[in-house]
Amino acid sequence: MVEIEQFLPDVLPEVPGCPEPMAERQILDATIRFCRDTYAWQAEIDQLRIPEGGRDRFEFGLDFINTVNGSDLIALTQVGDQVFTFDGLKLRVPHASAGDRLPIRAALQPERSASRVPRLLYDDYREAIAAQALFRLLLQSRAEWANPELAGVYRQQYEQAVVEERVRMARGHSTQPGRIQPQAFF
């Protein structure tokens, strides 16, 4: 885990006079937004055991949905290799077999009260998170550091980082170019 204040050197030089607590709040909000926009932070959170009798619907309590290991759950992204639906409380896995143990993977975000974020978010996405925080800080019209033109530049940087991360996620988080098997068209 990394303290939010470790992002400050990426943010404070662009907003002279900005109080550190305000910058830290915007950094946390930017981290949450990045996680929501990309599903970049994912983890296996549980295992689902399909009981005998082949039940395909499962209901989770609010404690499971709202908080998972000090983070907030955004979405379930994988239940084994099964097709599934999830409406926020009820999970449906129509093709699972009795006795299957299915790992549940979820997209997560830091809690609103977090003072630390996973190292992954700092190491891999620090620039994108800083760009979103700067966008929000530079748009504050009554602040001495306000600069709407520069805010637009940071917004574009953030949006580009989101697009790049979505592409990486679609490729299975690989930086390798996608490969397609050649096929004969005759």
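Residues numbered from 1 in each chain as written. Predicted model: local features only at pLDDT ≥ 70, side-chain atom pairs only at ≥ 80, totals over all residues. Heavy atoms only, no water.

Draft legend 1. Summary view of the overall build of the protein. Along the protein, the regular secondary structure elements total five helices and eight strands. Traced from its N-terminal end to its C-terminal end, the protein shows the element sequence β-α-α-β-β-α-β-β-β-β-β-α-α. Per-residue burial for the protein yields a buried fraction of 38% across its 186 residues. When contacts within the protein are restricted to residue pairs at least 6 apart in sequence, those whose partners lie at least 24 apart make up 73%. Carbon and sulfur atoms form 47% of the exposed surface of the protein, whose accessible area is close to 11200 Å². (Helix = DSSP H or I, 4+ residues; strand = E, 2+ residues; numbered from the N terminus. Buried < 20%, exposed > 50% of the residue type's maximum accessible area, 1.4 Å probe, protein only. Contact = heavy atoms within 4.5 Å. Areas by Shrake-Rupley, 256 points an atom, 1.4 Å probe, with all protein chains shown as cover.)

Draft legend 2. Looking closely at the nonpolar core. Core analysis: the biggest nonpolar cluster contains 50 residues, and Val11, Val15, Ile27, Phe34, Leu48 and Ile129 have the highest contact counts within it. Looking at this core, the elements with two or more residues in it are helix H1 (8-11), helix H2 (20-38), strand E2 (42-49), strand E4 (71-79), strand E7 (101-110), helix H4 (119-138) and helix H5 (148-170). Broken down by element, this core gets its largest block of residues, twelve residues, from H4. Excluding residues within four positions of it along the chain, Phe34 makes contact with Tyr39, Ala40, Tyr125, Ala128, Ile129, Tyr158, Val162 and Glu165. (Core = buried A, V, L, I, M, F, W, Y, C linked by side-chain atoms within 4.5 Å.)

Draft legend 3. Structural context of the pattern of salt bridges. With the rule as written, the count across this model stands at eight salt bridges. For Asp29, the salt bridge goes to Arg112, with nearest N and O atoms at 3.0 Å. With Asp29 in helix H2 and Arg112 in the loop between E7 and strand E8 (116-117), this residue pair connects regions lying 83 residues apart in the sequence. Given a relative accessible area of 16%, Asp29 falls into the buried group. We classify Arg112 as partly exposed; its relative accessible area is 42%. For Arg155, the salt bridge identified is with Glu159, shortest N-O distance 2.9 Å. Linking Arg155 with Glu159, this pair stays in helix H5, spanning four residues, or about one helical turn. A residue is classified by how much of its surface remains accessible, and Glu159, at 38% relative accessible area, is partly exposed. A network of salt bridges, in which partner residues are shared, links Arg25, Asp29, Arg112 and Arg136. (Salt bridge = Lys/Arg side-chain N within 4 Å of Asp/Glu carboxyl O.)

Draft legend 4. Region of interest: the sheet that holds strand E6 (residues 90-92). Taken in spatial order, the three strands of this open sheet run E3-E6-E5, and their pairing is antiparallel. Strands at the two margins of the open sheet, each flanked by one partner only, are strand E3 (57-59) and strand E5 (85-86). (Pairing = 2+ DSSP bridges.)

Draft legend 5. Region of the structure containing the confidence of the model for the protein. Chain-level statistics for the protein give a pLDDT mean of 86 and a share of 85% at 70 or above. The secondary structure element of the protein with the lowest average pLDDT is helix H3 (residues 62-66), at 52, and the one with the highest is H1, at 98. This model gives residues 175-180 a pLDDT under 50, and the stretch forms four contacts once residues within four places in sequence are excluded. (pLDDT = per-residue confidence, 0-100.)

Draft legend 6. Representation of the environment of Val15 in the model. With respect to the helices and strands, Val15 occurs in the loop between H1 and H2. Expressed as a C-alpha distance, the spacing of Val15 and Asn147, which sit 132 residues apart in the sequence, is 9.0 Å. Excluding anything up to four places from it in sequence, Val15 contacts Leu134, Leu137, Leu138 and Trp145.

Draft legend 7. Structural detail: the sheet that holds E7. The antiparallel open sheet is built from three strands, whose spatial order is E2-E7-E4. Looking at the sheet topology across the chains shown, the edges are occupied by E2 and E4. Pairs of neighbouring strands in the sheet enclose a mean axial angle of 35 degrees, with direction left out of account. Of the pairings in the sheet, the one linking E2 to E7 comprises seven bridges and is antiparallel in character. Each bridged residue has a counterpart across the sheet, and for Gln47 the counterpart in E7 is Pro103. Packed on one face of the sheet, H2 meets E4 and E7 and runs near 145 degrees to E7. (Axes fitted to C-alpha atoms, helices over the stretch in contact; angles between N-to-C directions.)

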